[in-house]
Amino acid sequence: MVAAEEFLEYADVFGHGYGTRAADTDALLDGGHDVLLDIDVQGMRQVRSRARQPVTTIFILPPSRDTLEARLRGRGTDADDAIARRLATATAEMAAVPEYDYVVLNDQVSGAVEQLASIVTAARASRAAMRQASVDVARTFGVTLEPAAWDRARALHERGWR
């Protein structure tokens with residue numbers, strides 16, 4: 001499946017292969033469902049480059065390194081060397097935080113879940129998600145929304161204009 005490029009994203013993480021089949025994701029999206037992937041930075045970069053629709057990315061940020069280590073140890077499922085690898089990976093991935101659209105501080109589960117739900121709601125109403133609906137409604141007013149206008153707006157948005 002990897003060689004046939006059937007995955008939207010694929011990674012070897014700590015000796016285990018993980019991936020998201022593109023066909024499964026496409027079927028869910030085509031059915032009008034939101035898709036939430038629990039993937040690492042490497043996977044996010046693959047999804048962003050391969051997705052056929054706009055992608056909203058969210059970095060789940062632990063409150064601190066010490067808290068993350070305590071959580072990993074509290075699970076009781078990993079040996080010390082595995083925890084050390086996970087912490088090293090987390091340290092390296094911190095540099096990628098600016099690449100994400102949103103950051104959720106996972107200090108309280110209920111608050112983090114509430115923020116995630118809010119982000120999903122906002123993403124549904126984003127300019128990218130509502131582009132076709134906007135074009136269709138504008139047409140009922142006799143207005144044509146040109147692709148160049150969307151490109152200009154996206155460029156302004158990316159430079160910090162909102």
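Whatever comes next refers back to the structure up there.
About the thresholds
- Residues numbered from 1 in each chain as written.
- Predicted model: local features only at pLDDT ≥ 70, side-chain atom pairs only at ≥ 80, totals over all residues.
- Heavy atoms only, no water.
- Helix = DSSP H or I, 4+ residues; strand = E, 2+ residues; numbered from the N terminus.
- Rg over C-alpha atoms; globule rule 2.2 N^0.38 Å.
- Buried < 20%, exposed > 50% of the residue type's maximum accessible area, 1.4 Å probe, protein only.
- Contact = heavy atoms within 4.5 Å.
- Areas by Shrake-Rupley, 256 points an atom, 1.4 Å probe, with all protein chains shown as cover.
- Core = buried A, V, L, I, M, F, W, Y, C linked by side-chain atoms within 4.5 Å.
- Expected span 1.5 Å × (residues − 1).
- Arc of directions from axis to C-beta.

Visitor: Looking at this structure, I do not really get the overall build of the chain. What am I missing?
Guide: Of the regular secondary structure elements, the chain holds 7 helices and 4 strands. Its helices and strands taken in sequence order, the chain reads β-β-α-α-β-α-α-β-α-α-α from the N to the C terminus. The globule rule puts the C-alpha radius of gyration for 162 residues at 15 Å, and the 19 Å found for the chain is more than 25% above it. Projected onto its principal axes, the C-alpha coordinates of the chain cover approximately 65 × 40 × 25 Å. Buried positions account for 20% of the 162 residues belonging to the chain. Nonlocal contacts in the chain, meaning residues at least 24 apart in sequence, comprise 51% of its contacts between residues at least 6 apart. For the chain, the accessible surface area stands at approximately 11200 Å², while carbon and sulfur atoms represent 54% of it.

Visitor: What should I look at first to understand the environment of Leu 72 in this one?
Guide: For Leu 72, the location among the structural elements is in helix H3 (residues 65–75). A sequence separation of 14 residues divides Leu 72 from Arg 86, and the C-alpha atoms of the two residues are 8.6 Å apart. With residues up to four places along the chain from it excluded, the contact list for Leu 72 reads Ile 83, Arg 86 and Leu 87.

Visitor: How should the nonpolar core be read in this particular structure?
Guide: Considering soluble globular proteins, one finds that nonpolar side chains tend to be buried as a cluster. If you look at the biggest cluster of nonpolar residues, it comprises 6 residues: Val 41, Met 44, Phe 59, Ala 96, Val 97 and Tyr 100. The contact partners of Tyr 100, leaving out residues within four places of it in the chain, are Asp 40, Val 41, Met 44, Thr 57, Ile 58 and Phe 59. Of all hydrophobic cores here, the second largest spans 5 residues; its members include Leu 68, Ile 83, Leu 87 and Ala 90.

Visitor: Can you walk me through helix H5 (residues 109–124) in this structure?
Guide: The periodicity of an α-helix, 3.6 residues per turn, causes residues three or four places apart in sequence to face the same way. With 16 residues, H5 extends 23 Å between its outermost C-alpha atoms, agreeing within 8% with the 22 Å of an ideal straight helix rising 1.5 Å per residue. If you check which residues of H5 are buried, you get Ala 112, Ile 119 and Ala 123. Down the axis, H5 shows its buried residues gathered within 35° of arc, on one side only. Exposed positions of H5 whose direction lies more than 90 degrees from the buried face are Ser 110 and Glu 114. In this fold, the buried residues of H5 make contact with strand S3 (58–61) and strand S4 (102–105).

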